[in-house]
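Each chain is listed here by its residues.
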Amino acid sequence: AEAYVFEAAARGLPAFVHRPGLIGGHSRTGVMSQDVFYHFLSDIVKSGELPDMEGAKFNLTPVDFVSKAIAQCALDGHWTREPGTVFHPAVDRNTVTMADLARALREAGYGGLRRVDFCAWRDKMLAHPEEFKSWSFCSALSVDGDGLDAMAGNARGAGAMRQAIGSEAFDAYDPRDCLNK
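Remember, predicted model here, so these are calculated numbers, not experimental data.

A. Here's a closer look at the overall build of the protein chain. Scanning the protein chain from N- to C-terminus turns up 9 helices and 7 strands. Relative to the compact-globule value of 16 Å for 181 residues, the protein chain shows a C-alpha radius of gyration of 18 Å, a close match. Projected onto the principal axes, the alpha-carbon positions of the protein chain cover approximately 50 × 35 × 25 Å. Burial statistics for the protein chain: of 181 residues in total, 40% are counted as buried. Of all intrachain contacts in the protein chain linking residues separated by at least 6 positions in sequence, the fraction that spans at least 24 positions is 81%. Of the roughly 9,500 Å² that the protein chain leaves accessible, carbon and sulfur atoms contribute 53%. The distance from the centre of the 19 positive side-chain charges to the centre of the 24 negative ones in the protein chain is 3 Å.

B. Up close: the sheet that holds strand β2 (residues 22–24). What the 3 strands build is an open sheet, ordered β2-β4-β6; its pairing is mixed. The sheet is open, and its two borders are formed by β2 and β6 (95–96), each paired with just one other strand. With 3 bridges joining them, β2 and strand β4 (residues 58–62) adopt parallel strand pairing. Along β4, the bridge assignment pairs L22 with L60.

C. Representation of the packing of aromatic side chains within the structure. Using the criterion set out here, one finds 4 aromatic pairs in the structure. Pairing F40 with F137 gives two aromatic rings, centres 5.4 Å apart and planes at 70°, and the pair type is edge-to-face. One end of the pair, F40, is in helix α2 (residues 36–47); the other, F137, is in helix α6 (residues 135–138), with 97 residues separating them in the sequence. Note on accessibility: F40 and F137 belong to one class, buried. Pairwise contacts between aromatic rings join F37, F40, W121 and F137 into one cluster.

D. Inspection of the nonpolar core at higher detail. Among the nonpolar cores identified, the biggest contains 35 residues, and F37, F40, I44, F58 and L101 are the most heavily contacted of them. Breaking this core down by element, the ones donating at least two residues are α2, β4, α3 (63–75), α4 (98–107), α5 (118–127), α6, α7 (155–165) and α9 (175–180). The biggest single contributor to this core is α4, with 5 residues. Among all residues touching F40, those that are not within four sequence positions of it are P51, M53, F58, M98, L101, W121, S134, F137, C138 and L141. One finds F16, C73, W79 and A160 within the second-largest nonpolar core, a separate group that totals 5 residues.

E. Inspection of the pairing of β4 at higher detail. Counting buried positions along β4 yields 5 of 5 residues, so the element is predominantly enclosed. The two faces of β4 match: F58, L60 and P62 on one face and N59 and T61 on the other face are all buried. Bridge analysis of β4 against β6 gives 2 bridges, and the strand direction is antiparallel. Along β6, the bridge assignment pairs F58 with V96.

F. Main features of α3. Between its first and last C-alpha, α3 extends 18 Å over 13 residues, near the 18 Å set by a 1.5 Å rise per residue. Residues D64, F65, V66, A69, Q72 and C73 constitute the buried set of α3. Buried residues along α3 sit in contact with β1 (17–18), β2, β4, β5 (86–87), α7 and α8 (167–172).

G. Region of interest: the pattern of salt bridges. Counted under the stated rule, the structure contains 7 salt bridges. For R19, the salt bridge is made with E2, and the minimal N-O distance between the two is 2.6 Å. In this pair, R19 sits in the loop between β1 and β2 while E2 sits in helix α1 (residues 2–10), placing the two residues 17 residues apart along the sequence. Taking the relative accessible area as the measure of exposure, E2 reaches 30% and is therefore partly exposed. Among the ionic pairs, E7 bridges to R11, the shortest N-O distance being 2.7 Å. What emerges from the salt-bridge pattern is a single network uniting E49, R114 and K124.

Here is what the cut-offs are and how they apply
Residues numbered from 1 in each chain as written. Predicted model: local features only at pLDDT ≥ 70, side-chain atom pairs only at ≥ 80, totals over all residues. Heavy atoms only, no water. Helix = DSSP H or I, 4+ residues; strand = E, 2+ residues; numbered from the N terminus. Rg over C-alpha atoms; globule rule 2.2 N^0.38 Å. Buried < 20%, exposed > 50% of the residue type's maximum accessible area, 1.4 Å probe, protein only. Contact = heavy atoms within 4.5 Å. Areas by Shrake-Rupley, 256 points an atom, 1.4 Å probe, with all protein chains shown as cover. Lys, Arg positive; Asp, Glu negative; His and termini not counted. Charge placed at Lys NZ, Arg CZ, Asp CG, Glu CD. Pairing = 2+ DSSP bridges. Phe/Tyr/Trp six-rings, centres within 6.5 Å; stacked < 30°, edge-to-face > 60°. Core = buried A, V, L, I, M, F, W, Y, C linked by side-chain atoms within 4.5 Å. Expected span 1.5 Å × (residues − 1). Salt bridge = Lys/Arg side-chain N within 4 Å of Asp/Glu carboxyl O.

What follows is the structure in structure tokens.
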């Protein structure tokens, strides 16, 4: 799909790509859609197993921050000067580790989760896609290192987000708060 966007931009249309990474719940209410990260959390709870992984796996930004940043990019000519630009609307310091995830689940009442080998857990998710909805998300995860989103440069998207939500909210954001809600 992005190839079509880049082709449109090459032909002079004001076309842009937005890659937000993982979108978390609303910054105040915590309400979130049932997307891949939601299914990942649900499958951890459903299986009673916490896959053992290292690194800064997940880049989590609240849905209202992402939507405001995308609107800011669309409405402010400063951000739309270069058609074909890729924006990563994400807050700096938005990484969540499995330790953060385990703590949030424990605090939410799911303290009995057994730590299991990640590869075995992922194989279980992939073998039963009708039962575990995070199979597509799990297939892209690895046991060690940082997640793929950690490699994306997000300076432009972060700049638009800071402008859209304000410096105070941008600077105060802690992804663990997003997990806790």
